[in-house]
Amino acid sequence: MFENLHGSSMHKRTMISRDYNYSTDVEDSSELVKCISEQEIASPPWKLSLPHVLVATIVSFLFGYHLGVVNEPLESISVDLGFRGNTLEEGLVVSTCLAGAFIGSLISGWIADELGRRRAFQLCALPMIVGSSICATARSLGEMLLGRFLVGTGLGVGPPVASLYVTEISPAHVRGTYGSFIQIATCLGLMGALVIGIPVRSVFGWWRICFWVSTIPAAMLALLMRFCVESPHWLHKQGRNAEAEAELERLLGGSHVTAAMVELSKTDKGDEMDTIKLVDLLYGRHARVVFIGSTLFALQQLSGINAVFYFSSTVFRRAGVSSNLANVFVGIANLIGSTIALALMDKLGRKVLLVWSFFGMGIAMALQVLASALFASSPNAFYLSIGGMLLFVLLFAVGAGPVPALLLPEILPSRIRAKAMAFCMSVHWVLNFLVGLLFLRLLDQMGPELLYSMFGTFCMLAVVFVKRNVLETKGKSLQEIEIALLPQE
């Protein structure tokens, strides 16, 4: 009986898809929307899309893991490979991964648009597996740098595609919650790398195990993606409407397929065959949303979050706390903040979290400045600095960390989403690299008070920018957001 009922519903949807032209004008589709029952208009079940989202966040776990995998083992790596005491070569082991990520981010949009989201995931897993294997078996600095560069290219491709994919397959009422999974997975990856690296000082060659371990989730990503849905948005842009309908049924349930296809038709009409060039992103009618996205990522990095991560171990050691315990404290603060974001993203909204996150980060930086000023006169200044640092990390994880990666795919129009996301992520990687490269030098030349004041100023500028430019997207479909930002002429 259930098989007959399922077959009947599939037949009805097939008839609808044949009789209805999805590229009709929005005005023509309004009559069909009015005919959709209350059951169809209700929010679709979230459980259907959850497994696909969880598989996609493996990329974010790998992102966090590879960012933290060399923190503890770096000294052992330098001893075994013969460059101990050479700060430039030690820095290259870290920064080469960032350089590879920049290259990967530049091509991620093309890969996602030409090959599809699922294949982009599988493709990004390949250099991470190969690169990690090269790092694990490296006998020289050159081999280590090659492996780190390959890993970086995979990291550059993966996170933008993950943000796209999660945004495009998530029901509107839980899209913010699902987007928060990306930040939580990144946090768990960082903490996982720290935990795996604990035996590195007592077990000879353990750093090689740290790299081998990372090949397991990368292989799982490539394998599990074979069973996940392709993005219905991408399929519809390719003119593969029947496949898009089938994937929407897997994600939303049968009663929501027709309404979802009508929504897709409102924004994708006439855009499928257009070629997007860089000049279109910077000077065309999409320039405003690209500017908002790029600036959000720029302000995220200029807030000093990576500088805080880089400097945290030193601050904790001066206060008499071991670096391992310091990393645990920072990881816990990051995880607590990410969990708060998960609970609030679809209740308070993206804009509210961004504003209060950046504002609180500015206050935390003020505590750092105060601690630096009191350093000479008060033995307790380090503890104030520690409190400010942990507060900064927690508040970053509440809003400034997860929201930009979620908000960008929401506000970027479908026809430019992948390529514009790639451009914005390249801005992220460039500034990430520069902050990491220049922080210690600026700290020596400017002193902590001036440097942290500068970071706090960027946080407050971010508050003003978000209040003036960012659109609240909570609970809205991607098509509603696109129409609001780019009114149809």
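Residues numbered from 1 in each chain as written. Predicted model: local features only at pLDDT ≥ 70, side-chain atom pairs only at ≥ 80, totals over all residues. Heavy atoms only, no water.

(A) How the structure looks around the overall build of the protein chain. Secondary structure summary: the protein chain contains 24 helices and zero strands in total. By residue count, 55% of the 489 residues in the protein chain fall in the buried class. In the protein chain, the proportion of contacts linking residues at least 24 apart, taken out of those at least 6 apart, comes to 83%. (Helix = DSSP H or I, 4+ residues; strand = E, 2+ residues; numbered from the N terminus. Buried < 20%, exposed > 50% of the residue type's maximum accessible area, 1.4 Å probe, protein only. Contact = heavy atoms within 4.5 Å.)

(B) Expanded view of the packing of helix H8 (residues 117–136) against helix H11 (residues 206–224). One can describe the packing of H8 onto H11 by two numbers: an axis separation of 8 Å at closest approach and a directional angle of 165 degrees. Here H8 is positioned roughly antiparallel relative to H11, judged by the angle of their axes. Judged by the twist between their axes, the crossing of H8 over H11 is left-handed. Along its contact with H8, which presents Phe121, Gln122, Cys124, Ala125, Met128, Ile129, Ser132, Ser133, Cys135 and Ala136, the element H11 presents Trp207, Arg208, Phe211, Trp212, Ser214, Thr215, Ala218, Ala219, Leu221 and Ala222. (Axes fitted to C-alpha atoms, helices over the stretch in contact; angles between N-to-C directions. Parallel < 35°, antiparallel > 145°, perpendicular 65-115°, else oblique. Left-handed = near helix turned anticlockwise from the far one by under 90°.)

(C) View of the pattern of salt bridges. Throughout the structure, instances matching the rule amount to eleven salt bridges. A salt bridge links glutamate 75 to arginine 201, with the nearest nitrogen and oxygen atoms 3.4 Å apart. Of the two residues, glutamate 75 sits in helix H6 (residues 74–81) while arginine 201 sits in the loop between helix H10 (175–196) and H11, which places them 126 residues apart along the sequence. You can call glutamate 75 partly exposed: its relative accessible area is 40%. (Salt bridge = Lys/Arg side-chain N within 4 Å of Asp/Glu carboxyl O.)

(D) Quick peek at empty space enclosed by the protein. As enumerated under the stated definition, the model contains one cavity of 30 Å³ or more in all. Space inside the largest cavity adds up to approximately 30 Å³. The wall of the largest cavity is formed by Ile292, Ile411, Asn469, Val470, Leu471 and Leu485. Counted by class, the lining of the largest cavity contains five nonpolar, one polar and no charged residues. (1 Å grid on protein atoms, 1.4 Å probe; cavity = no way out; pocket = protein on both sides within 12 Å on 5 of 7 lines; lining within 4 Å. Points joined across faces, edges and corners; volume = space filled by probe spheres on them. Nonpolar A, V, L, I, M, F, W, Y, C, P; charged D, E, K, R; others polar.)

(E) The arrangement of the confidence of the model for the protein chain in detail. Within the protein chain, residue pLDDT values average 81, and 82% of them lie at 70 or more. Counting interchain partners and residues more than four positions distant, the pLDDT-below-50 stretch residues 1–40 has 32 contacts. Confidence over residues 268–273 falls short of pLDDT 50; this stretch has ten contacts with residues more than four positions distant or in other chains. (pLDDT = per-residue confidence, 0-100.)

(F) Up close: the nonpolar core. By size, the foremost hydrophobic cluster in this structure holds 100 residues, and its most contacted members are Phe121, Leu221 and Leu296. Apart from the residues within four sequence positions on either side, leucine 221 is in contact with Val55, Ile58, Val59, Phe121, Cys124 and Ala125. Counting 19 residues, the second largest nonpolar core, distinct from the first, contains Ala136, Ala138, Ala193 and Cys210. (Core = buried A, V, L, I, M, F, W, Y, C linked by side-chain atoms within 4.5 Å.)

(G) A look at the packing of helix H5 (residues 58–68) against H8. Where H5 meets H8, the axes come as close as 12 Å, and the angle between the chain directions of the two elements is 30 degrees. In terms of orientation, H5 and H8 fall into the roughly parallel class. In this structure, H5 meets H8 at a crossing whose hand is left-handed. Of H8, the residues touching H5 (which contributes Val59, Leu62 and His66) are Phe121, Cys124, Met128 and Ser132. Its residues assigned to classes, the contact of H5 with H8 shows five nonpolar, two polar and no charged.

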